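# Per-entry structural report
Listed here are the chains, written in short residue letters.
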Amino acid sequence: MKRPFFTIIVVSYNAGEDLLKTLESIKTQTFKDVAIVIKDGGSTDGSLEKAEEVLGVSGEDKTSEAGGRKRLSAGKVNSDGSFDIRYRDGSIRIIRSKDHGIYDAMNMAVDAIKKDESRLKSDTAPGYVYFLNCGDVFSNNKVLQRVFEKIQLDSRDSGTIVPTIYYGDIFEMKTRQRVSSNPKIDDFACYRNVPSHQACFYDERLVFRYAFDTVWKVRADYEHFLRCFYVEKAQTKYMKMRVADYEGGGFSETKENRKVSENERQQIIRMYLPKQQIKKFDMIRMVTLAPLRTKISENPKTAGIYNKLKSLIYRHR
């Protein structure tokens, strides 16, 4: 199998219909040079079996090593029920094994794909890795086509391929509002927050080199973005487009984990910014009433006005 341009990783555990909704969103994309990797933690709700039906691989024999367009290309079911199977030409891969949470599962999926022979070739352009959570969907069926065209245009203009994170905006289903990402990633943007991983397409070299640090319970993707930006010197390129519709209400948004999230954010930013700069940004955050702004942005009645103002500010950066 040749290296796919996009690899979409979906982490799942007893996700029910949310998993199927997400997979349908991927299937309807007009751009087809895509590999889908499901990392399942051992679901018992039947969602994985239904996912195989959605992807059209439910009739394929998990015990055969035979090749062919409609049979698996590698893999077998182990005695504990775990497996790592590639279907068809390798463009669909389902990994079922125990993990220690979402970031560990994301790492396991990345670790599996980076060992593919097609990824080891240095004479071809790198692909891009995208993480789409169960319940989240692409904003329309041309998202991947538009991102591909943007990357191709940049590659032709620059002549070189620097490790880059391409990112856009998301649509928050809870508030029914478009949430604009900051078009310019700088120290203050990194201090406040960075684009959510549902908005980001990572050059595969970045995710292959740096795993998500599972010491962080809620903010591992935030720390990973900062590590790519400050350590790897990755470029960040904003695309003025909606990438994904974000369901919300997940793991990081419980009352307990919100507190953990802010505590982790403070610890992480101290790893990358000097103390005096953080103090300055803390003061700006306090003066601009950050806690109140957060409440306004999360209230369906006020989120629209807030996000329009934020978008207006970003356009003048």
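Position labels on residues start from 1 in each chain and follow its written sequence. Only residues with pLDDT of at least 70 get local features here, since the model is predicted, and only at 80 or more are side-chain atom pairs given and counted; chain-wide, interface and lining totals rely on the full set of residues. The side-chain numbers reported here are obtained from all heavy atoms of the structure, hydrogens and water having been left aside.

### What to know about the overall build of the chain
Cut-off, in case you're wondering: Put simply, DSSP H or I for four residues or longer makes a helix, DSSP E for two residues or longer makes a strand, and each gets a number counted from the N terminus. Partly exposed describes any residue whose relative accessible area lies between the buried limit of under 20% and the exposed limit of over 50%, with all areas from a 1.4 Å probe on protein chains only and scaled to the type maximum. Only the protein chains shown count as cover for residues, with accessible areas throughout obtained via the Shrake-Rupley method and a probe of 1.4 Å.
Looking only at helices and strands, the chain features 11 helices and 10 strands. For the chain, buried positions account for 50% of its 317 residues. Per element, the accessible surface of the chain, about 15,800 Å² overall, is 53% carbon and sulfur.

### Notes on helix α7 (residues 220-230)
Residues spaced three or four apart along an α-helix point in a common direction, a consequence of the helix completing one turn every 3.6 residues. By the criterion of burial, α7 is predominantly enclosed, with 11 of the 11 residues buried. Listed as buried for α7 are Ala 220, Asp 221, Tyr 222, Glu 223, His 224, Phe 225, Leu 226, Arg 227, Cys 228, Phe 229 and Tyr 230.

### Let's talk about the pairing of strand β5 (residues 128-131)
A regular strand carries its side chains on alternate faces of the sheet. Worth spelling out the cut-off: Two strands qualify as a pair provided DSSP detects at least 2 bridges between them.
Side chains Tyr 128 and Tyr 130 project from β5 onto one buried face, and the interleaved Val 129 and Phe 131 project onto a second face that is buried too. With 4 bridges connecting them, strand β1 (residues 6-12) and β5 associate as parallel partners. Within the sheet, the bridge partner assigned to Ile 8 lies in β5 and is Tyr 130. Pairing analysis gives 2 bridges linking β5 to strand β9 (residues 200-203), with the strands arranged antiparallel. The residue bridging Tyr 128 from the neighbouring strand is Asp 203, located in β9.

### Remarks on the pairing of strand β7 (residues 164-172)
With 9 of 9 residues buried, β7 is to be regarded as a mostly interior element. Pairing geometry for β7 and strand β10 (residues 235-246), over 8 bridges, is parallel. Bridge pairing in β10 links Phe 171 to Asp 245. As defined by bridge partners, β7 adjoins β9 across 3 bridges and the pair is classed as antiparallel. Following the sheet pairing, Ile 165 is matched in β9 by Tyr 202. Taking the residues between adjacent antiparallel strands as the criterion, β7 and strand β8 (residues 177-179) are bridged by 4 residues, where Arg 176 takes a positive phi near 60°.

### Overview of the nonpolar core
Inside soluble globular proteins, nonpolar side chains tend to come together where they are buried. Rule in force here: Throughout this description, the term nonpolar core refers to a set of buried Ala, Val, Leu, Ile, Met, Phe, Trp, Tyr and Cys residues connected via side-chain atoms within 4.5 Å. Any two residues having at least one pair of non-hydrogen atoms within 4.5 Å are treated as being in contact.
Counting 41 residues, the largest nonpolar core has Ile 9, Phe 131, Tyr 202, Phe 225 and Leu 226 as its most contacted members. Ignoring sequence-local partners within four residues, the contact set of Phe 131 consists of Ile 9, Met 106, Val 110, His 197, Gln 198, Val 207 and Phe 212. Within the second largest apolar cluster, 38 residues are counted, among which are Phe 6, Leu 48, Val 54 and Met 239.

### What to know about the packing of aromatic side chains
Defined as follows: Pairing of aromatic rings covers Phe, Tyr and the six-membered ring of Trp, with a centre-to-centre limit of 6.5 Å; geometry is then stacked below 30 degrees between planes, edge-to-face above 60, and tilted otherwise. Two limits define a charge over a ring: the Lys NZ or Arg CZ must be within 6 Å of the ring centre, and within 35 degrees of the ring normal.
Following the criterion strictly, the structure yields 18 aromatic pairs and no others. For the pair Phe 6 and Phe 31, a centre-to-centre distance of 5.5 Å together with 75° between the ring planes defines the contact as edge-to-face. Placement of the pair is Phe 6 in strand β1 and Phe 31 in the loop between α1 (17-27) and β2 (34-40), with a sequence separation of 25 residues. Residue Phe 31 is classed as buried on the basis of its relative accessible area, which comes to 10%. Their ring planes at 20° and their centres at 5.7 Å tell us that Tyr 230 and Tyr 272 sit as a pair that is stacked. Here Tyr 230 is found in helix α7, whereas its partner Tyr 272 is found in helix α8 (residues 255-272), with 42 residues between them in sequence. Comparing Tyr 230 with Tyr 272, the two get one shared label, buried. A network of ring pairs unites the aromatic residues Phe 5, Phe 6, Phe 31, Tyr 128, Tyr 130, Phe 138, Phe 148, Tyr 166 and Phe 201 as a single cluster. Over the ring of Tyr 222 we find Arg 219; its NZ or CZ atom is 4.9 Å from the centre of that ring. Positioned above the aromatic ring of Tyr 191 is the side chain of Arg 265, whose terminal nitrogen or guanidinium carbon lies 4.8 Å from the ring centre.

### Some thoughts on the pattern of salt bridges
As a reminder, the rule being used: Only one rule defines a salt bridge in this text: a Lys or Arg side-chain nitrogen within 4 Å of an Asp or Glu carboxyl oxygen.
Inspection of every chain in the model, using the stated rule, returns 17 salt bridges. With a closest N to O distance of 3.4 Å, Lys 237 and Asp 154 form a salt bridge. Remark: Asp 154 occurs in helix α4 (residues 143-158) and Lys 237 occurs in strand β10; sequence separation between them is 83 residues. Note on Asp 154: relative accessible area 10%, which makes it buried.

### Looking at the environment of Val 231
On the secondary structure map, Val 231 appears in the loop between α7 and β10. Residue Val 231 is classed as partly exposed on the basis of its relative accessible area of 46%. Aside from chain neighbours lying at most four places away, what touches Val 231 is Tyr 210, Leu 226 and Tyr 272.

### Concerning a nonpolar patch on the surface
Definition in use: By definition, no residue in a patch forms a salt bridge, and every one has over 30% relative accessible area; like charges are joined within 9 Å, nonpolar side chains (Val, Leu, Ile, Met, Phe, Trp, Tyr) within 5 Å.
Taken together, the side chains of Met 283, Met 286 and Val 287 make up a nonpolar region of the molecular surface, amounting to roughly 330 Å² of accessible area. Within the fold, Met 286 resides in helix α9 (residues 275-287).

### Here's the deal with the environment of Cys 228
Structurally, Cys 228 is set in helix α7. Residues Cys 228 and Arg 209, spaced 19 residues apart in sequence, show a C-alpha to C-alpha distance of 9.4 Å. Not counting residues up to four positions away in its chain, the partners in contact with Cys 228 are Ile 165, Tyr 202, Leu 206, Lys 233 and Ala 234.

Honestly, that's just the spatial picture; any functional story needs more than this.
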